[in-house]
Amino acid sequence: MPSLRDRQARIATYAVFAVQGLSLATLLVQIANLQTKHHLDEGSLTLLLLIVPVFAGVGSVGAGAFATRFGSRLLLRIAQPAVAAAVVLIGFAPQVVLLVPALLVYALALGAVDAGMNMQGVAVERRYGLHVLNGFHCVWSALSMAGALWASAAVAAHLPLELIMTLPMLLAVAGSLVFGRSLYTPAEEKPETGSVHLDGFPWRPIIPLCLAMAFLYVGDAAVSNFNTVYMQDVLTAEAWVIPLAYAAYQATTLAVRLGGDLAVRRFGPAAIVRAGGVIATLGFAGIVLAPNQLLGLVAFGVTGVGLAVVAPQSFSAAGRLDPAGTGVAIARVNLFNYVGFIVGAALVGGLADAANMRVAFAAPLVLAAAIILLAPGFAPERTKAST
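Computed from a predicted model, the values in this text were never measured in an experiment. Every residue gets a number counted from 1 within its own chain, in the order that chain's sequence is written. Reporting of local features is limited, given that this is a predicted model, to residues whose pLDDT is at least 70; pairs of side-chain atoms are given and counted only at 80 or more, and all residues count toward the totals for whole chains, interfaces and linings. For side-chain calculations, the full set of non-hydrogen atoms in the structure is used, while hydrogens and water are omitted.

### Description of the overall build of the protein
For step 1, the next point in the chain: In terms of helices and strands, the protein carries 18 helices and 0 strands.
For step 2, the next point in the chain: Against the globule reference of 21 Å for 387 residues, the protein gives a C-alpha radius of gyration of 19 Å, in line with a compact fold.
For step 3, the next point in the chain: When the backbone C-alpha atoms are referred to their principal axes, the protein occupies close to 60 × 40 × 35 Å.
For step 4, the next point in the chain: To sort residues, take the accessible area from a 1.4 Å probe on protein chains only and compare it with the maximum for the residue type: under 20% means buried, over 50% means exposed, and anything in between is partly exposed. Taking all 387 residues of the protein together, the buried fraction comes to 58%.
For step 5, the next point in the chain: In the protein, of all internal contacts separated by at least 6 residues, the share reaching a separation of at least 24 is 85%.
For step 6, the next point in the chain: Throughout, the Shrake-Rupley method with a 1.4 Å probe supplies accessible areas, and for residues the shown protein chains are the sole cover considered. Entry remark: accessible area of the protein is about 14,700 Å², with carbon and sulfur atoms responsible for 70%.
For step 7, the next point in the chain: In summary, the charge assignment counts Lys and Arg as positive and Asp and Glu as negative, without counting His or the chain termini. A charge is said to be at NZ when it belongs to Lys, at CZ for Arg, at CG for Asp and at CD for Glu. In the protein, the 21 positive side-chain charges and the 17 negative ones have mean positions that sit 10 Å from each other. Numbering goes from the N terminus for both helices and strands, where a helix is a DSSP run of H or I of at least four residues and a strand is a run of E of at least two. Only C-alpha atoms enter the radius of gyration, while the globule expectation follows 2.2 Å times N to the 0.38, with N the number of residues. It only takes one pair of heavy atoms within 4.5 Å for two residues to be counted as in contact.

### A look at the side chain of R257
For step 1, the next point in the chain: Following the sequence through the fold, R257 ends up in helix 10 (residues 244-258).
For step 2, the next point in the chain: Whenever a carboxyl oxygen of Asp or Glu lies within 4 Å of a side-chain nitrogen of Lys or Arg, that contact is scored as a salt bridge. Put simply, R257 is tucked away with no salt bridge, and the nearest opposite charge, on D220, sits 7.1 Å away.
For step 3, the next point in the chain: Whenever a nitrogen or oxygen atom comes within 3.5 Å of another N or O atom, the pair is scored as a polar contact, on the condition that within protein one atom can donate a hydrogen and the other can accept it, and that pairs from neighbouring residues in sequence are kept only if both atoms are in side chains. Among the polar contacts listed, one links the side chain of R257 to the side chain of S141, at a separation of 2.9 Å.
For step 4, the next point in the chain: For R257, the contacting residues outside a window of four places in its chain are N134, G135, H137, C138, W140, S141, A308, A311 and P312.

### Comments concerning the packing of aromatic side chains
For step 1, the next point in the chain: Any two of the Phe, Tyr and Trp rings considered here, Trp counted by its six-membered ring, make a pair once their centres fall within 6.5 Å; the pair's planes then place it as stacked at under 30 degrees, edge-to-face at over 60, or tilted in between. Tallying each qualifying case throughout the model produces 9 aromatic pairs.
For step 2, the next point in the chain: Where F66 meets F70, the ring centres are 5.0 Å apart and the plane angle is 45°; that geometry is what we call tilted. In this pair, F66 and F70 are both assigned in helix 3 (residues 42-70), 4 residues apart and thus about one turn of the helix distant.
For step 3, the next point in the chain: Taking relative accessible area as the criterion, F66 reaches 25% and is therefore assigned partly exposed.
For step 4, the next point in the chain: Measuring from centroid to centroid gives 5.5 Å for Y230 and F300, while their planes differ by 80°, and the two rings are edge-to-face.

### What to know about unusual backbone geometry
For step 1, the next point in the chain: For H39, which is not glycine, the phi torsion reads 55° and is therefore positive.
For step 2, the next point in the chain: Looking at the element boundaries, H39 is found in the loop between helix 2 (31-37) and helix 3.
For step 3, the next point in the chain: One non-glycine residue, T236, lies in the positive phi region at around 45°.
For step 4, the next point in the chain: Within the element layout of this structure, T236 appears in the loop between helix 9 (207-234) and helix 10.

### Quick look at the pattern of salt bridges
Side-chain pairing between opposite charges can occur once the charged atoms of the two side chains come close.
For step 1, the next point in the chain: All told, the structure shown has 3 salt bridges when counted by the stated rule.
For step 2, the next point in the chain: The closest approach of N and O atoms between E188 and R5, which form a salt bridge, is 3.0 Å. Of the two residues, E188 sits in helix 8 (residues 186-189) while R5 sits in helix 1 (residues 4-28), which places them 183 residues apart along the sequence.
For step 3, the next point in the chain: Judged by relative accessible area, which is 18%, E188 ranks as buried.

### Looking at helix 11 (residues 260-267)
For step 1, the next point in the chain: Within helix 11, burial applies to G260, D261 and V264. The buried residues of helix 11 occupy an angular sector of 100° when projected down its axis, which confines them to one face. Facing away from the buried side of helix 11, by more than 90 degrees, are the exposed residues L262, R266 and F267.
For step 2, the next point in the chain: Packed against the buried residues of helix 11 are helix 6 (133-156), helix 10, helix 12 (269-289) and helix 14 (310-320).
For step 3, the next point in the chain: With its phi angle positive at about 95°, G268 sits one or two positions after the end of helix 11. The directions considered for the arc are those from the helix axis to the C-beta atoms.

### Re empty space enclosed by the protein
For step 1, the next point in the chain: Only protein atoms enter the calculation, which uses a 1 Å grid: trapped sets of points that fit a 1.4 Å probe without letting it out are cavities, open sets showing protein on both sides within 12 Å along at least five of seven lines are pockets, and any residue with an atom within 4 Å of a point is a lining residue. Grid points are joined across faces, edges and corners, and a volume is the space filled by probe spheres set on the points. This model, assessed by the stated rule, comprises 2 cavities of 30 Å³ or more.
For step 2, the next point in the chain: Of the pockets and cavities examined, the largest cavity occupies roughly 490 Å³.
For step 3, the next point in the chain: Around the largest cavity sit 41 residues that line it, and L24, L28, L110, D220 and F341 are the ones nearest its centre.
For step 4, the next point in the chain: Top element by residues in the lining of the largest cavity is helix 5 (residues 96-128). It accounts for 7 residues.
For step 5, the next point in the chain: Lys, Arg, Asp and Glu make up the charged group, whereas Ala, Val, Leu, Ile, Met, Phe, Trp, Tyr, Cys and Pro make up the nonpolar group; the residues left over, Gly among them, are polar. Residue composition of the lining of the largest cavity, grouped by class: 28 nonpolar, 10 polar and 3 charged.
For step 6, the next point in the chain: What the second largest cavity holds in volume is close to 50 Å³.
For step 7, the next point in the chain: Taken together, A15, V16, V19, L76, R77, Q80, G175, S176, F179, G180 and L183 make up the full set of residues lining the second largest cavity.
For step 8, the next point in the chain: Sorting the residues of the lining of the second largest cavity by element identifies helix 1, helix 4 (72-92) and helix 7 (161-179) as the ones contributing at least two each.
For step 9, the next point in the chain: Broken down by class, the residue content of the lining of the second largest cavity amounts to 6 nonpolar, 4 polar and 1 charged.

### Comments concerning the nonpolar core
For step 1, the next point in the chain: Remark: nonpolar core denotes a set of buried residues (Ala, Val, Leu, Ile, Met, Phe, Trp, Tyr, Cys) joined through side-chain atoms within 4.5 Å. Membership of the largest hydrophobic core comes to 116 residues, with the highest contact counts inside it found for I90, Y106, Y230, M231, M357 and F361.
For step 2, the next point in the chain: Discounting chain neighbours no more than four positions away, the residues touching I90 are L27, L34, L99, A102, L103, Y106 and M165.

### Some thoughts on helix 5
For step 1, the next point in the chain: One less than the number of residues in a helix, times 1.5 Å, gives the span that helix is expected to have. Over its 33 residues, helix 5 runs 47 Å from end to end, which matches the ideal 48 Å to within 8%, given 1.5 Å per residue.
For step 2, the next point in the chain: Two residues or fewer past helix 5, G129 is found with a positive phi of approximately 75°.

### Looking at the packing of helix 14 against helix 15 (residues 328-354)
For step 1, the next point in the chain: For helices, the axis comes from a line fit to the C-alpha atoms of the stretch in contact; other axes are also lines fit to C-alpha atoms, and the angle between any two N-to-C directions lies between 0 and 180 degrees. Put simply, helix 14 and helix 15 touch, their axes get as near as 8 Å, and they point 150° apart. When the axes of helix 14 and helix 15 are compared, the pair comes out roughly antiparallel. For the pair helix 14 and helix 15, the crossing hand works out as right-handed. From helix 14, S314, F315, A318 and G319 reach across to helix 15, where they touch A329, I330, V333 and N334.
For step 2, the next point in the chain: In the contact of helix 14 with helix 15, the residues fall into 5 nonpolar, 3 polar and no charged. Working rule for angles: under 35 degrees goes down as roughly parallel, over 145 as roughly antiparallel, 65 to 115 as roughly perpendicular, anything else as oblique. Each crossing gets its handedness from the near helix: less than a right angle anticlockwise from the far helix is left-handed, clockwise is right-handed.

Right under this line is the structure:
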């Protein structure tokens, strides 16, 4: 039975994921508006978007070193308010020269939070002895969807961009400060035995997890960075309809993650990841071929169904490969989150600039199909054998 302390830490971890989902969505659904505000063409937009995954990767690597020494709680208590502050600065930046440093701060803090929150999630999973990581990512999706819906309503109400991006971040800072105190301490993050030490953590057993994470985030980058541009330029959607593509993506992600832990316990992580790869491939095919706005929204939703399961299972499997609870495996797998974003932003943005947005979405279609081949790397018996 989990203790009261474990339940407190689990609730606090839910809050951390919620704040991160809200913060990310608040920025992502405004990409098209920021592009218009700063008069950016597709090439310039792509270069700016590359700042985020490159420096988030730096933040993730730094998070692994920091958390090994000081724990992920302190990391999150510093980095998460920084993410919210940076989102506000991005909204207020009047010129590109001021937008760039705000994006740099956002990216570094984002990478640190992404790694730190999954370290806390894996620690909860380890102490509970159950698959629970999907639940945390479910809350992330719920608040991401809420952020997209807020943006849609705020645009319909003709609120200024700066206010649309600031109000959710006030809630984000408050949630981070209130719940951050209840996260696991460094001692609590480690296994109770504390007897396992890893020197030079091996790459080989986590390679399938890293590749799956990268391919997932190529697709997620395509959806997150270019859904507004796709809806605006390809399907000529009205302003209030544009954020609904990201809302549909997050809504189905949320629906899948609600039952994800139960599905993993019944069918195993490898089968769930394999099914996710198949469905994501179909979703991207729908985006490439969508003839109208309604079917475009449906396709974004189907894509969310498929991609939803990959990240939680990647972190969960990484946690099983790190019995000492150092966070090194999680930080490495998380790094490929940003590798995927870099490739996704460059590949999709470059194809859109060279051809068109429909052709651009064919690239993540192919990589989503490759996730199917990587699914055996998520099998518990394989991870156990590798340790």
